[in-house]
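What follows is the residue order along each chain.
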Amino acid sequence: QLQLVESGGGLVQPGGSLRLSCAVSENIVSVNVMGWYRQAPGKQRELVATITNSGSTNYVGSVKGRFTISRDNAKITVYLQMDSLKPEDTAVYYCRAAGVYTPTYYLNEYWGQGTQVTVSS
């Protein structure tokens, strides 16, 4: 069964850095778009950053210049380098894969279970 395995969350002080990773656990042919979303307590889930299989990126305005999304197409893995973290970045971060092609089936989208990021002194 397909799984998106997220790692790298944790507790960090303001101004610090974290790197999130999301790897696909199954034999995948390709994924059109991979991305990171986040949900803070009491708020709706929001897009953080996405990256296509050709490398085009998109960021929410509040993270531009601080976060960098990248992907390894050979490993079907997406990363989110988060620098200059702020308390308002505190949230559960979710990995999303859209347009997933396996040798036997296609998925419109798939979500990871989420990883907690807490920015606090």
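The coordinates are above.
Everything quoted here is computed from the prediction, not taken from an experiment. (Residues numbered from 1 in each chain as written. Predicted model: local features only at pLDDT ≥ 70, side-chain atom pairs only at ≥ 80, totals over all residues. Heavy atoms only, no water.)

K.L.:
What am I meant to see in the pattern of salt bridges here?
P.N.:
A side chain with one charge can pair with a side chain of the opposite charge if their charged atoms come near. Across all of its chains, the model carries 4 salt bridges by this definition. Note that Arg38 and Asp89 form a salt bridge whose closest N and O atoms lie 3.0 Å from each other. Placement of Arg38 in strand β4 (residues 30-39) and of Asp89 in the loop between β8 (77-82) and β9 (91-101) is noted, with a sequence separation of 51 residues between them. Take Arg38 and Asp89: they sit in the same class, and that class is buried. Glu109 is the salt-bridge partner of Arg96, the closest N and O atoms lying 2.8 Å from each other. (Salt bridge = Lys/Arg side-chain N within 4 Å of Asp/Glu carboxyl O. Helix = DSSP H or I, 4+ residues; strand = E, 2+ residues; numbered from the N terminus. Buried < 20%, exposed > 50% of the residue type's maximum accessible area, 1.4 Å probe, protein only.)

K.L.:
What exactly am I supposed to notice about unusual backbone geometry here?
P.N.:
Working note: non-glycine residues mostly have negative phi, and peptide bonds are mostly trans. Although it is not a glycine, Ile76 adopts a positive phi angle of roughly 50 degrees. Looking at the element boundaries, Ile76 is found in the loop between β7 (67-72) and β8. Phi is positive for Ser84, close to 50 degrees, though the residue is something other than glycine. Checked against the element boundaries, Ser84 lands in the loop between β8 and β9.

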